[in-house]
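# Tertiary structure, described
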Amino acid sequence: WCQNQDSVPSVFFSYTSFPGLMPQASQKYSPFSWDLAPHYGVETGLAEAEAQGVASFPPPEIVSSRIDAIVAFDRTAQLDRIRTPTLVFCAADDRLTPVYFSRELAARIPGARLMVAEKGGHAHSQTMPEEFNRIAMQYLLEQEMRFTSA
């Protein structure tokens, strides 16, 4: 958690879960049964990387312990203390971290902006890299202009 927010000129959240809305850590997790990144005609490199990721996916016990750690790490109560300009970004068709996570996150951070891409799934930065980079760069350049003109 950032103790000195003056040293951070802006924040960009993407693919962010919201622990307060996630299942309890004690709940048993079943394997994912859906495609986390819908295919939008992306190059074969992404499909190959996905296949390699599936082939090297860790055992269920490790996945479960990682999910438990994510759920246990909850900074919800501190979100209202963020004073840094913040963009919360997600894709409307993200099935792993649904858009309501991002809406809630943006609502709890004072002055945060929410941007929802129409499509791109959970891996928007890889399925729609040009759009993601354009959005991220536009926001970061806005913040740089704001920061340098202050």
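Preceding this section is the structure that the text describes.
### Quick look at a nonpolar patch on the surface
Together, Met137, Leu140 and Leu141 line one region of the surface with nonpolar side chains, adding up to about 260 Å² of accessible area. Among the secondary structure elements, Leu141 is positioned in helix α5 (residues 129–149). On the basis of relative accessible area, Leu141 is assigned to the partly exposed category, the value being 42%.

### Re the environment of Ala136
You can see Ala136 is positioned in helix α5. Between the C-alpha atom of Ala136 and that of Phe89, which follows or precedes it by 47 residues, the distance is 8.9 Å.

### Thoughts on α5
Here α5 contains 21 residues, and its C-alpha end-to-end distance of 30 Å stays within 8% of the 30 Å for a straight helix at 1.5 Å per residue. Among the residues of α5, those classed as buried are Phe132, Ile135, Ala136, Tyr139 and Gln143. The arc enclosing the buried residues of α5, seen along the axis, measures out at 90°, which places them on a common side. Summarising the geometry of α5, the exposed residues directed more than 90 degrees from the buried face are Glu130, Met145, Thr148 and Ser149.

### Details of the packing of aromatic side chains
Within this structure, the stated rule accounts for two aromatic pairs. A centroid spacing of 5.5 Å and a plane angle of 75° characterise the contact between Phe89 and Phe132, whose relative ring orientation is edge-to-face. Of this pair, Phe89 sits in strand β2 (residues 86–91) while Phe132 sits in helix α5, and the two are 43 residues apart along the sequence. Relative to Phe101, the ring of Tyr100 has its centre 4.9 Å away and its plane inclined at 45°; by these criteria the two rings are tilted. Taking the relative accessible area as the measure of exposure, Tyr100 reaches 45% and is therefore partly exposed. Phe101 gets classed as buried once you look at its relative accessible area, which sits at 5%.

Procedures and definitions
Residues numbered from 1 in each chain as written. Predicted model: local features only at pLDDT ≥ 70, side-chain atom pairs only at ≥ 80, totals over all residues. Heavy atoms only, no water. Patch = residues over 30% accessible without salt bridge, like charges linked within 9 Å, V, L, I, M, F, W, Y side chains within 5 Å. Areas by Shrake-Rupley, 256 points an atom, 1.4 Å probe, with all protein chains shown as cover. Salt bridge = Lys/Arg side-chain N within 4 Å of Asp/Glu carboxyl O. Helix = DSSP H or I, 4+ residues; strand = E, 2+ residues; numbered from the N terminus. Buried < 20%, exposed > 50% of the residue type's maximum accessible area, 1.4 Å probe, protein only. Expected span 1.5 Å × (residues − 1). Arc of directions from axis to C-beta. Phe/Tyr/Trp six-rings, centres within 6.5 Å; stacked < 30°, edge-to-face > 60°.

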